[in-house]
Amino acid sequence: MVKLSIIYYSATGHGTAMAKRIGQTAEAAGAEVRLRHVQETRDPASFAENPAWSANYEATKDDPAATGDDIVWADAVIFGSPTRFGNTTASFQAFMDSLGGLWAKGKLADKVYAAFTSSQTLHGGQESTLINLYVSLMHFGGILVPPGYTDPLKFADGNPYGVSHVTGPGNQNELSEDTNNALDHMTRRVLAVADRLLN
């Protein structure tokens with residue numbers, strides 16, 4: 001049984017929905033799953049006027065928070081962060097910056113990694129966010145397993161680097177069928193490669 005950690009930061013809830021979809025798909029495929037959110041680093045008062053952000057914060061604040069142990073435990077990790085100026089968010093990066101001790105001990109190496117992201121617009125930095133995140137995972141000594149164009153459905157969502165979602169202005173866009181299919185495919189691919197490495 002592959003052990004999969006899904007570690008994500010979500011502001012307005014799209015990342016939460018993507019992470020949950022990955023978890024459901026992984027469990028259906030027989031994986032042992034840890035779903036962990038990266039804790040919010042901003043004062044909730046600073047986003048009180050954003051209903052979606054406040055709602056997601058309230059809905060997830062008491063869920064288990066990600067720690068480095070969730071990576072050490074796992075055979076595979078799928079990370080998620082919204083795009084901020086073509087990179088991961090400050091909250092997500094604060095979590096990554098906390099992993100130096102585990103990195104120095106080699107505890108983050110030789111695991112399968114992939115990632116997902118979201119942005120308000122189609123060309124809002126999704127690809128650069130994933131690529132920048134993967135650079136960190138290379139420093140870990142991780143085994144990158146992006147989806148590539150390994151299934152025809154990837155030509156529908158169009159992102160070979162991971163999975164991305166366009167939230168749209170006002171964060172109104174729900175996950176599309178193409179996005180959900182892409183999340184399912186990436187999850188199954190990560191699990192298949194991790195299983196091969198284990199056996």
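Please read all numbers here as calculations on a predicted model, not as lab measurements. (Residues numbered from 1 in each chain as written. Predicted model: local features only at pLDDT ≥ 70, side-chain atom pairs only at ≥ 80, totals over all residues. Heavy atoms only, no water.)

(A) Geometry of the overall build of the protein chain. Looking only at helices and strands, one finds 8 helices and 6 strands in the protein chain. Shown N-terminal to C-terminal, the secondary structure of the protein chain runs as helices and strands in the order β-α-β-α-α-β-α-α-β-α-β-α-β-α. For a compact globule of 199 residues, the expected C-alpha radius of gyration is about 16 Å, and the protein chain comes in at 16 Å, within 12% of that figure. For the protein chain, the spread of C-alpha atoms along the principal axes amounts to about 50 × 40 × 30 Å. Counting the 199 residues in the protein chain, one finds 49% classified as buried. (Helix = DSSP H or I, 4+ residues; strand = E, 2+ residues; numbered from the N terminus. Rg over C-alpha atoms; globule rule 2.2 N^0.38 Å. Buried < 20%, exposed > 50% of the residue type's maximum accessible area, 1.4 Å probe, protein only.)

(B) Up close: the pattern of salt bridges. Following the criterion strictly, the structure yields 6 salt bridges and no others. As a salt-bridge pair, Glu58 and Lys61 come within 3.0 Å of each other at their nearest N and O atoms. What makes Glu58 partly exposed here is its relative accessible area of 48%. Residue class for Lys61 comes out partly exposed when judged on its relative accessible area of 37%. Linking Asp157 and Lys154 is a salt bridge whose minimum nitrogen-to-oxygen distance equals 2.9 Å. Here Asp157 pairs with Lys154, and both are found in helix H7 (residues 154-157), just 3 residues apart, close to one helical turn. (Salt bridge = Lys/Arg side-chain N within 4 Å of Asp/Glu carboxyl O.)

(C) Structural view of the environment of Asp69. With respect to the helices, strands and loops of the structure, Asp69 is situated in helix H3 (residues 68-73). The spatial distance from the C-alpha of Asp69 to the C-alpha of Asp97 is 14 Å, given a sequence separation of 28 residues. Setting aside residues no more than four positions away along its own chain, Asp69 makes contact with Arg34 and Leu102. (Contact = heavy atoms within 4.5 Å.)

(D) Main features of the pairing of strand E1 (residues 3-8). Of all 6 residues in E1, 5 are buried; the element is thus mostly enclosed. The pairing of E1 with strand E2 (residues 32-37) spans 6 bridges and is parallel. Bridging from a neighbouring strand, Tyr8 pairs with His37 of E2. Where the polypeptide runs from E1 across helix H1 (residues 14-28) and back to E2, its parallel neighbour, the crossover connection is right-handed. Inspection of the sheet shows E1 paired to strand E3 (residues 76-82) by 5 bridges, in the parallel sense. Counted as the bridge partner of Ser5 is Val77 from E3. (Pairing = 2+ DSSP bridges. Right-handed = clockwise from strand over helix to strand, strands pointing away.)

(E) Geometry of the nonpolar core. Residues Leu4, Ile71, Phe79, Phe95, Met96, Phe116 and Val190 are the most contacted members of the largest nonpolar core, which totals 48 residues. Residue assignment for this core shows that the elements contributing at least two residues are E1, H1, H3, E3, helix H4 (90-97), strand E4 (112-119), helix H6 (126-140) and helix H8 (177-198). For this core, the leading source of residues is H8, giving 7 residues. (Core = buried A, V, L, I, M, F, W, Y, C linked by side-chain atoms within 4.5 Å.)

(F) Structural context of unusual backbone geometry. You will see that Phe85, though not glycine, has its phi angle at about 55°, which is positive. Mapped onto the secondary structure, Phe85 falls in the loop between E3 and H4. Look at Phe85 and you get exposed, because its relative accessible area is 89%. Despite not being glycine, Asp110 has its phi angle at roughly 60°, a positive value.

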